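Chain by chain, the residues:
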Amino acid sequence: MTSANTPDRFDPSSADARWQAAWDQAQCFRADDNSAKPRSYVLEMFPYPSGRIHIGHVRNYTMGDVLARTKRMQGFEVLHPMGWDAFGMPAENAAMEKGVHPGGWTRDNIANMKAQLKRLGFALDWSREVATCEPDYYGQEQALFLDLYEAGLVYRKESAVNWDPVDMTVLANEQVIDGRGWRSGALVEKRKLSQWFLKITQFADELLEGLSSLDKWPEKVRTMQENWIGKSQGLRATFKLVDTDNGIEVFTTRPDTLYGASFLAIAADHPLAHSLAANAPELQDFIATCKRGGTTAAELETAEKLGFNTGLSVEHPLDSHWHLPVYVANFVLMDYGTGAVFGCPAHDQRDLDFARKYELPVRRVVADGDNDGETFEGNEAYTGPGRLVNSGWMNGLTIEEAKAQIIAKSAHEGWGTAETQYRLRDWGVSRQRYWGTPIPFIHCELCGVVPVPKKQLPVMLPEYVDFQTPGNPLLRHPTWKHVDCPKCGKPAVRETDTLDTFVDSSWYFLRFASQPSDKPFDRDVLAKWLPVEQYIGGIEHAILHLLYARFWTRALQHIGLIDFAEPFASLFTQGMVTHETYSRVDGSNGQPIYFSPDEIERGGESASLKADGAPVEIGRVIKMSKSKKNVVDPDNIIATYGADAIRWFMLSDSPPERDLPWSEAGIEGCSRFVHRLWRLFGQFDAAASGDDKALDRKRDQTVAAVADDIAALSFNKAVARIYELTSAIEKSSPSVSRSAAIRTLLLLVAPMMPHLAEEAWAAIGETGLIAQAAWLAVDPALLVEDEVTIAIQVLGKLRDTITVAKGLPKEELEALALASDKVQRALDGKAVKKVIVVPDRLVNVVA
RNA sequence: GCGGACGUGGCGGAAUGGUAGACGCCGGGGACUUAAAAUCCCCUGAUCCUUGAUCGUGCGGGUUCGAGUCCCGCCGUCCGCACCA
């Protein structure tokens, strides 16, 4: 292909592909495990191969790419890999809808998307590419799963699970949102099934404690994980049922309020409620009512506290003559704590609502300021600090003291123990799907559940499968599940569940760093690369993926396979790419009809439809979505403007953690800048003479600032600096300094606009690839200005500025300031009380 | 309800407690051109009595010589979690 560049225009349609091929041929982005250089592992969250790269991917991968390319130029051995999170439901949906095989569909998508990523010029080490759907990946995952099983971190149990009736599979708690499946949106049902679990709760405390070491993670993500783990400490206590030997166990974080108890409440699913209901139709009805209740935020907000008096009583643990009624209540959750609570209405809002409704006693046991009366007025529970009152021997203690003492007393007397509860549940990983990692176990009638011997791994998915019937294709496959028991040799059946795809993404960053064929990874090689220095991805993975990956890392450390606890040293969550919407109201039904950006002619403040030239309404700038038709296709943009323009757009203007509004005008501006740089690079003159100290200074200041900005991921600021240097060079006259500045500018933009940079690098006569060129050294002396502009204030208001030599003594600055006409006019004859002088900054005259 | 983030021109956004609005976009004016595109130059927070001045970073206070920045109290927007005992 020949270049179609002109002195005025850079032609990406020929240059982009040429340089992409050159990088491939030089293999310049391959990471060397044995390099002696310092290392840097830059990772972006790998994509699901849906078929098309969307603009959010482009933003994510451009940021990582700039970082990786900069680090490489700065002398680091950089690992910057890419792969595919390739198992999951959409492939099976495609199989059902279009009759294609999930494997074929997925691999085609991967090929398409890989080509798209190459067209964007990302500096990726493709030799380390992994796809989780390939046996060389999921087979190693099976090996790790068996290791965790041996260590007791995998178990199987019969449990009520979240069943998605549309996808016909089990969902983890994390995948149920407002009672609906996260993917299908179907109302989730409870079913009893034998399921595989990973013991994430064993690491609850570690995962919580570990958050405090992650000081390069966003506060927001750490808080979200902390809330998700949901640690609370308190007392588990038994309330003895009157006239029986049985009791009801409750968990409370407020044992200090025990003297304020006025009832016990158990969940509708509590075993005691079920046994009582056997002979009580009214209670059966009540339990059914509780289950019908909605689970959305709005419904819970307004839901009335309902209770059913069982007629049973329990003894108060501190006074066996004090009896409390037992209710079944709709606000008690079976799957938290013990499924039973004691109600202390004065100091818990729900309990107060309940007590007022059912006219139960409300007794104050924590003083609210001076108010220590036993009778509690009003309908707002007091949950603040205070001293214990109306609590016998505990009176006068603080809440914390009372908690400690009553826990000690309960343990001593045998009716309670200190307990820590977590909201976090063990991770159910069984999925009744085909397109996932087969769980490597065999069910034998004689030997029970038997792990597949490691030498028989991988347990491969069968190729020919029927997708036309709902349910698990592996379960009804005619032959696949039938095997001999590895222990006794008798006929047995395979486990037909596959692993949640979040398991696949919980260790892929390890496989990138090391991928031997005979084991999941090499421990010593991992030690060279991990933890990931910079991880970049969307905030939507703040809990699930990032918590699971942390858990796997800790679990693998726990069983001695790796030597570090946290996988991602620094995490960055980037904002979304948004776009305005274009719509017209449909006269017939009043609903807006949306138009895609390609159908629109966009003016300065208005927009019209290309088809009829009539105006359309410009709507809010919102997240790109198919239903609002406000999506833009990266391929079209690359074809029109080239990869460098879209990359530059992704870095410009908005800070990377915030949303980036896409606009036609914006991408055109970026494209104009590409050509502007090209023209400027064309002015490089190796034979120029003379120097330009001011330009030299600007050049080195820009290099230092851009390096800092990129290291801080403040790409928008680096971009602004580059614009400034560009303008400064354009305004300068030819000199050695000017040519040096042009060469510097080229190196500065190389990580961001690599194709343009390579083309210009060759054009100015440099040999070799700029991708492999060394970053810029700066002269520290040049970073310091020798002249400074001083602000002169009177009473804090700017009145004048003066430009003076840097480092001028205070007295001289003061004299210069007072000599200013403007200052004298502002003083208007008033006496000067004092003068504040900040050297090289400002003078403030106080009158 | 709990937790977090944010609030600066027409827009995206800059600003170690020290000249608010860098840089980009939009808009306006001009140069070049037969013309257009491209390119280049200038202007672009508001108001006024326009050589200058006053006001101005969601609102109200405070600390300070000096506050977009720090403190207190509100208001608003967005996000996450939630009958979690």
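It should be noted that the structure appears before, not after, this text.
Scoring rules and cut-offs
- Throughout, residues of each chain are indexed from 1 in the direction in which the sequence is written.
- For naming, the first written chain is A and the first written ligand is 1, with later ones following in the order written.
- Under the rules for a predicted model, residues below a pLDDT of 70 receive no local features and side-chain atom pairs below 80 are neither given nor counted, while totals for whole chains, interfaces and linings still include all residues.
- The side-chain quantities take in all heavy atoms of the structure and omit both hydrogens and water.
- Numbering of helices and strands runs from the N terminus; a helix is a DSSP stretch of H or I covering at least four residues, while a strand is a stretch of E covering at least two.
- Under the scheme applied here, a residue whose accessible area is under 20% of the maximum for its type counts as buried, over 50% as exposed, and between as partly exposed, the area being computed with a 1.4 Å probe on protein chains only.
- We call two residues in contact when some of their heavy atoms are within 4.5 Å.
- Residue-level accessible areas treat just the shown protein chains as cover; the underlying method is Shrake-Rupley with a 1.4 Å probe.
- Like-charged residues within 9 Å of one another, or nonpolar side chains (Val, Leu, Ile, Met, Phe, Trp, Tyr) within 5 Å, are grouped into patches, provided each residue has over 30% relative accessible area and no salt bridge.
- A carboxyl oxygen of Asp or Glu within 4 Å of a side-chain nitrogen of Lys or Arg is what we treat as a salt bridge.
- Classification of ring pairs uses Phe, Tyr and Trp, with its six-membered ring standing for Trp, and accepts pairs whose centres are within 6.5 Å; under 30 degrees between planes counts as stacked, over 60 as edge-to-face, and the remaining range as tilted.
- Polar contacts, as counted here, are pairs of nitrogen or oxygen atoms within 3.5 Å of one another; within protein the pair requires one atom able to donate a hydrogen and one able to accept it, and residues that are adjacent in sequence qualify only if both atoms are side-chain atoms.
- Strands are treated as partners if at least two bridges between them are detected by DSSP.
- Only C-alpha atoms enter the line fits that serve as axes; for helices the fit covers just the stretch in contact. Angles between N-to-C directions range over 0 to 180 degrees.
- Throughout, the term near means that a residue has one or more heavy atoms lying within 4 Å of the molecule or strand in question.
- Any residue outside Ala, Val, Leu, Ile, Met, Phe, Trp, Tyr, Cys, Pro, Asp, Glu, Lys and Arg is labelled polar, Gly included; the first ten of those are nonpolar and the last four are charged.
- Roughly parallel here means an angle under 35 degrees, roughly antiparallel means over 145, roughly perpendicular means 65 to 115, and every remaining angle is called oblique.
- By convention the crossing between two helices is left-handed if the near helix lies anticlockwise of the far one by an angle smaller than a right angle, and right-handed if it lies clockwise.

Asks: So what's going on with the overall build of chain A? Which residues, and what values?
Replies: When helices and strands are tallied, chain A shows 26 helices and 35 strands. Oriented by its inertia axes, the alpha-carbon framework of chain A measures out at about 105 × 90 × 70 Å. For chain A, with 847 residues in total, the buried portion stands at 52%. Counting contacts in chain A only where the partners sit at least 6 residues apart, residues at least 24 apart contribute 69% of the total. Total accessible area computed for chain A in this model is approximately 38,000 Å², and 50% of it derives from carbon and sulfur atoms.

Asks: Could you give me a rundown of the environment of R602, with the residues and numbers involved?
Replies: Within the secondary structure, R602 sits in strand β28 (residues 600–602). Linking R602 and Y582, residues 20 residues apart in sequence, is a C-alpha distance of 10 Å.

Asks: Please set out helix α18 (residues 643–651) residue by residue, giving values where relevant.
Replies: Of all nine residues in α18, nine are buried; the element is thus mostly enclosed. Within the span of α18, buried status applies to A643, D644, A645, I646, R647, W648, F649, M650 and L651. Residue D653 follows α18 closely and has a positive phi angle near 65°.

Asks: With reference to specific residues and values, describe a nonpolar patch on the surface.
Replies: On the surface, a cluster of nonpolar side chains totalling about 190 Å² of accessible area is made up of V778, L783 and V784. Among the secondary structure elements, L783 is positioned in helix α24 (residues 780–783).

Asks: How would you explain the packing of aromatic side chains if you had to name every residue and give the values?
Replies: A full pass over the atoms with the stated rule returns 36 aromatic pairs. With a centroid separation of 6.4 Å and 65° between ring planes, the pair formed by Y149 and W196 is classed as edge-to-face. Remark: W196 occurs in strand β9 (residues 189–198) and Y149 occurs in helix α5 (residues 135–150); sequence separation between them is 47 residues. On the basis of relative accessibility, which here comes to 1%, the residue W196 falls in the buried class. Relative to F354, the ring of Y327 lies with its centre 5.2 Å away and its plane at 85°, an arrangement referred to as edge-to-face. With Y327 in strand β14 (residues 319–329) and F354 in helix α11 (residues 349–358), the pair connects residues that are 27 residues apart, well separated along the chain.

Asks: Could you give an account of the environment of N395, naming the residues involved and the relevant values?
Replies: In this fold, N395 is placed in the loop between α11 and α12 (399–413). For N395, a relative accessible area of 41% puts it in the partly exposed group. Considered as a pair, N395 and V366 are 29 residues apart in the sequence and their alpha carbons are 9.0 Å apart. In this view, N395 contacts L388, V389 and N390; residues no more than four positions away in its chain are not counted. At a separation of 2.7 Å, a polar atom in the side chain of N395 contacts the main-chain amide nitrogen of S391.

Asks: If you had to explain the sheet that holds strand β24 (residues 534–538) to someone new, which residues and values would you point to?
Replies: If you walk across this open sheet you meet the four strands as β2-β1-β24-β25, and the pairing is parallel. The open sheet has two free edges, formed respectively by β2 (77–79) and β25 (571–574), since each of these has just one partner strand. The average angle at which neighbouring strand axes cross in this sheet is 20°, direction not considered. When strand β1 (residues 39–44) meets β24, the two strands line up parallel, connected through three bridges.

Asks: Let's hear about the protein's contact with RNA strand B: which residues, and what values?
Replies: Inspection of the region around RNA strand B gives 49 residues, with T253, K305, F331, L333 and N844 positioned closest. For RNA strand B, the fraction of atoms within 4 Å of the protein that belong to sugar or phosphate moieties is 62%. At 2.5 Å from a sugar or linking oxygen of RNA strand B is found a main-chain nitrogen or oxygen belonging to F331. Among the elements that take part in the surface near RNA strand B, helix α21 (residues 715–731) stands out by supplying five residues, more than any other. Residue composition of the surface near RNA strand B, by class: 21 nonpolar, twelve polar and 16 charged.

Asks: Provide a residue-level description of the sheet that holds strand β21 (residues 482–484), including the pertinent values.
Replies: Whenever strands of a sheet pair, they do so through backbone hydrogen bonds, lying parallel or antiparallel. Here we have four strands laid out as an open sheet, ordered β20-β19-β22-β21, and antiparallel in their pairing. The sheet terminates laterally at β20 (448–451) and β21, the two strands that pair on one side only. Strand after strand, the sheet turns through a mean of 40° between neighbouring axes, direction not considered. Pairing geometry for strand β19 (residues 441–444) and strand β22 (residues 491–494), over two bridges, is antiparallel.

Asks: Describe the side chain of T257, naming the residues involved and giving the relevant values.
Replies: In this fold, T257 is placed in the loop between β11 (247–252) and β12 (263–266). For T257, a relative accessible area of 3% gives the class buried.

Asks: Kindly report on the packing of helix α19 (residues 664–681) against α21, identifying the contributing residues and their values.
Replies: Closest axis-to-axis distance for the α19/α21 pair is 11 Å, and the angle between their directions is 40°. Comparing the axis directions of α19 and α21 gives the class oblique. Crossing of α19 against α21: the hand is left-handed. Here F673, R676, L677 and L680 of α19 lie close against α21, whose contacting residues are I722, Y723, T726, S727, I729 and E730.

Asks: Tell me about the packing of α18 against α19, and please be specific about residues and values.
Replies: Running from N to C, α18 and α19 point in directions that differ by 120°, and their axes come no closer than 8 Å. With respect to α19, the axis of α18 lies oblique. α18 and α19 meet at a crossing whose hand is right-handed. For the pair formed by α18 and α19, the contact residues are D644, A645, I646, W648 and F649 on the first element and G666, I667, C670, S671, F673 and V674 on the second.

Asks: Could you give me a rundown of unusual backbone geometry, with the residues and numbers involved?
Replies: With glycine set apart, most residues show a phi of negative sign, and most peptide bonds adopt trans. A cis geometry characterises the amide bond from L457 onward to P458, with omega recorded as -5°. One can find P458 in the loop between β20 and β21. Between L530 and the following residue, P531, the backbone shows a cis peptide bond with an omega angle of 0°. Turning to its location among the elements, P531 is positioned in the loop between α15 (523–529) and β24. One non-glycine residue, Q27, lies in positive phi territory at about 50°. Secondary-structure assignment places Q27 in the loop between α1 (12–26) and β1.

Asks: Got a sec to walk through the side chain of S737? Specific residues and values, please.
Replies: Looking at the element boundaries, S737 is found in helix α22 (residues 736–749). In terms of polar contacts, S737 uses its side chain to reach the backbone amide nitrogen of D692, at 2.8 Å. Those residues in contact with S737, other than ones at most four positions away along the chain, are G690, D691, D692, L695 and D696.

Treat this as a map of the structure, not an account of what it does.
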